[in-house]
Amino acid sequence: MTTIDTSRPADHGHDDHGHHGSYLKSRGSIWADIINWATTVDHKKIGVMYLVAVLFFFFCGGLMAILLRTDLLDPIRDTATGVTGGSSFLVFNKPESIGAAGQNYNRIMTLHGAIMVFMFIVPGIPASLGNFFLPLMIGAKDVAFPKLNLFSWYVYLFGALFALWSVGMGGVETGWTFYTPYSSSEAVDHANVVLVVLGVFIMGFSSIMTGLNFVVTVHKLRAPGMGWFDMPLFVWAVYATALIQVLATPVIGITTLLLIFERVFGIGIFDPALGGDPVLFQHFFWFYSHPVVYIMILPAMGVISECIAVHARKPIFGYHAIAFSSLAIAGVAFLVWGHHLFTSEGELAAVVFSALTFLVAIPTAVKVFNWVSTLYKGSIALNTAMLYALAFIFTFSVGGLTGLPLATLATDLHLHDTYYVVAHFHYVMFGGMVIGMMAGLHHWWPKMFGKMVSEPISITGFALVFIGFNLTFIIQFILGVNGMPRRYASYIDEFRQMHQFSTIGSWILALGFLIHLFAFLHSMFKGKPAPANPWGGLTLEWEADAPPDEHNFAHEPLVTHGPYDFDDVVPPHCDPADFPLPEPLPAGAKGHH
Amino acid sequence: MTSIHSTSVDNRPYHERYVQGHHWRTADDEFDAAKLGMWLFLATEVLLFAGLFCAYAVMRMLHPEAFSNGSHLLDWRFGAINTVVLLVSSYTMAMSIRNAQLGQFARMKFNLIFTLFCAGLFLFIKLYFEYGPKWSQGKRPGRLFNYPFATDPNEPIWWSVYYCATGIHATHVIIGMALIFWVYIRTVRGHFGPKHYTAVENVGLYWHIVDLIWIFLFPLLYLIH
């Protein structure tokens, strides 16, 4: 079991003698606290700062999504062609102009995509939960480069500022992919495109720094006794993610730089009018942006591995398979970008990329089967974290399996750029990353803030999120198969009812998140104090106080067992009374006092 | 051994004096981690330029005539001189690391200054003998191109690739100069020693990658016709 080796000195004789107390402890005055947080190099505080920032952007992006869905409640009618009916809600005072409506729709759609991808999903789990828990889980005092860590938070905010600045100036209508030649054409939102793209470039630096920091941390700062295969699976997942961050992000760096030069100097590399090649932009863009899908999903998979093992109280089934599948996904991530260009590349290339794309299914399925096998005969605690983990298996499987028709050339030609694609990637990204992040937040909230979250409120929120999400997006598969193209502000009457169902789903989804917000605030102010190890986990972060001490551990932990040895190890500090189980555990359940 | 009665830096063994972060066990761990981090960062630099090399390859495939004409318009002698200048600067940079290891601080300062001088010379040749005249003759990138004697309509693309690749490289030279200057200031202040030269080594690695990228850019742009 995880033991504290008392023969070791409490620390290494440097400048941190004595017990400092919780990292959340106030410094006295509000100004002292603000300065302390703004200049902190503590990975936990930086993780919390990231969490606040990404959740703020999630709220902004979500608001845009609700605007878009509400706009699609009713198709826009053109008075000139005699089509009459409702008016679009985004055409603020010119209900007759389809052009203005389309433009506003495109801008909000672009911002929804750009904010969600670059400011929320990509930094989401690794920068917030990863920053907080990666050092704790490997028994380190901090990440390898604490100052770089703080710097990368400021760089991230600075980049986001540029993107938000463009919103203030009216926004961008290129779509979050910034495809040339539309984005490089001078007629389109000249300064705004430069601002957003510059923002993406700067945020890329932040992503590289975070990834680099995590790779070095995992290599150099594991606690004594922790070999590579004693690491928790969340650490494996964040490590694989960090490798992709380091290796893929420079490519978006050069792509965005060239696009900025294209707009400012008219260099023409992507502009067919000057002899350039717009498809080259697509290759560059997807060589980053496809691996990024795995930057988004891998950390969520790590979270799910933790949640399933701990809340089913079983040794994880196939630990090595899950660990290696993270690396395999990271590797395959770089080989499949061409499937975004099926309709603009040669036949042979399309066939090769199609075949490579199917490969992704293998390591992904390995993970899903292993999670299900872990659940088999486990003592499952159906708390919010576990419910989200189960929901993840469902929604992510739907997202993954609906990817297969898109990887298949023949079916893709029909489904390309329809709502089917929209539904598919929302199932992967929302059903994957967001659901995974909610699981992680509920799993680790007691550790992060020392307060329990009210289970009844959270489970209500979960139910609404799950129902709302599926209602919103399952119907979009049907819309897509029937030929509803994506990125359109209007549609024919036949699609009206399905669009309305989808919109109502999005409202339910939003309500679910408002309830979660309430649950978290309620926990902050009125929550029951959390024990150090409320779920009986065996990974090292549960050894720390709740909330953790400023220096994580009073003594350097020495690892003497694996992270999921629930069969052999009685979890320390584990009080069954703290388990919010629906009913008492069956007699003979392992791993309890 | 660390005395438990004193936290003063001077009472610690030499190798512990320079542990910067409290989360490291030994200075060696910290040094290794810093180097690993730098190597990873350099990998990202290589990948950034890999994108430019891809752009070069694709554009060359699309417009072979324009690229052939374009590279004839560059003067290989300036490129060659600059290659030598950067190689020499790489040598003096490497020597300054060696000087730090041996505690030869006077030579170290000289080597750093000489490296800075070479970097400045590189930029001077680039701007004064290459960019300046070419720009005023109208050999400019993309839409700005107005060179009257172009024989291929796609020559602006060649100049776009040329200016992007060498311009981004020159930006790295400037950043490198700033870093070397920072190392020089710290050397003057006595921050480095035989067991503590992490910053010198890492800035050196950065400087070598700047050199290395130029060694790829030079034949690609100046020599292949």
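Before reading further, recall that the structure is shown in the block above.
The following refers to the structure shown. (Residues numbered from 1 in each chain as written. Chains lettered and ligands numbered in written order. Predicted model: local features only at pLDDT ≥ 70, side-chain atom pairs only at ≥ 80, totals over all residues. Heavy atoms only, no water.)

Moving on to the interface of chain A and chain B. If you look at the interface, chain A gives 46 residues, while chain B gives 37 residues. Among the salt bridges present, the one from B:Arg25 reaches A:Glu556, with a minimum N-O distance of 3.0 Å. Seen at the junction of chain A and chain B, the total is 7 residue pairs in polar contact (both at pLDDT 80 or more). Listing elements by their share of the side of chain A that touches chain B, those giving two or more residues are helix H5 (190-220), helix H6 (233-265) and helix H7 (278-312) of chain A. The element contributing the most residues to the side of chain A that touches chain B is H6(A), with 11 residues. Among the residues forming the side of chain A that touches chain B, the class breakdown is 24 nonpolar, 11 polar and 11 charged. (Contact = heavy atoms within 4.5 Å. Salt bridge = Lys/Arg side-chain N within 4 Å of Asp/Glu carboxyl O. Polar contact = N/O pair within 3.5 Å; in protein donor to acceptor, adjacent residues only side chain to side chain. Helix = DSSP H or I, 4+ residues; strand = E, 2+ residues; numbered from the N terminus. Nonpolar A, V, L, I, M, F, W, Y, C, P; charged D, E, K, R; others polar.)

Moving on, we come to the packing of helix H14 (residues 419-449) of chain A against helix H15 (residues 455-481) of chain A. Residues and elements named next belong to chain A. Contact geometry for H14 and H15: axes closest at 8 Å, N-to-C directions at 165 degrees. Looking at the two axes, H14 sits roughly antiparallel to H15. For the pair H14 and H15, the sense of crossing is left-handed. Contact residues: Tyr 419, Tyr 420, Val 422, Ala 423, His 424, His 426, Tyr 427, Phe 430, Gly 431, Ile 435 and His 442 in H14; Ser 458, Val 465, Phe 469, Asn 470, Phe 473, Ile 474, Gln 476, Phe 477, Leu 479, Gly 480 and Val 481 in H15. For the contact of H14 with H15, the residue count by class is 14 nonpolar, 8 polar and no charged. (Axes fitted to C-alpha atoms, helices over the stretch in contact; angles between N-to-C directions. Parallel < 35°, antiparallel > 145°, perpendicular 65-115°, else oblique. Left-handed = near helix turned anticlockwise from the far one by under 90°.)

As a further point, take the packing of aromatic side chains. Any aromatic ring pair is given by two values, namely how distant the centres are and how the planes are angled relative to each other. Inspection of every chain in the model, using the stated rule, returns 66 aromatic pairs over all chains. Seen in terms of ring centroids, B:Tyr131 and B:Tyr163 are 5.1 Å apart; in terms of plane orientation they differ by 55 degrees. Their pairing is tilted. Taken together, the residues span a long stretch of sequence, with B:Tyr131 in helix H5 (residues 105-136) and B:Tyr163 in helix H6 (residues 155-188) at a distance of 32 residues. Here B:Tyr131 falls in the buried class, since its relative accessible area comes to 15%. Judged by its relative accessible area of 11%, B:Tyr163 falls in the buried class. Taken together, the aromatic side chains of A:Phe58, A:Phe120, A:Tyr420, A:Tyr427, A:Phe430, A:Phe469, A:Phe473, A:Phe477 and A:Phe513 make up a single cluster linked through ring pairs. Across from the ring centre of A:Trp37, 5.5 Å away, lies the NZ or CZ of A:Lys45, which sits over that ring. The cationic tip of B:Lys139 hangs over the ring face of B:Tyr147; the distance from NZ or CZ to the ring centre is 5.1 Å. (Phe/Tyr/Trp six-rings, centres within 6.5 Å; stacked < 30°, edge-to-face > 60°. Buried < 20%, exposed > 50% of the residue type's maximum accessible area, 1.4 Å probe, protein only. Lys NZ or Arg CZ within 6 Å of the ring centre and 35° of its normal.)

Our focus in this paragraph is the environment of B:Ile180. All names here are of chain B. With respect to the helices and strands, the residue Ile 180 is situated in helix H6. With 19 residues separating them in the primary sequence, Ile 180 and Val 161 have C-alpha atoms 28 Å apart. Apart from the residues within four sequence positions on either side, Ile 180 is in contact with Met 93, Leu 112, Thr 115, Leu 116, Val 203 and Trp 207.

Time to look at the packing of helix H8 (residues 319-332) of chain A against helix H10 (residues 361-375) of chain A. All names here are of chain A. H10 packs onto H8 with a crossing angle of 155 degrees between their chain directions and a minimal axis gap of 8 Å. Our classification of the angle between H8 and H10 gives roughly antiparallel. Considering the relative orientation of H8 and H10, their crossing is left-handed. Here Ala 321, Ile 322, Ser 325, Ser 326, Ala 328 and Ile 329 of H8 lie close against H10, whose contacting residues are Pro 363, Thr 364, Val 366, Lys 367, Asn 370 and Trp 371. Counted by class, the contact of H8 with H10 contains 7 nonpolar, 4 polar and 1 charged residues.

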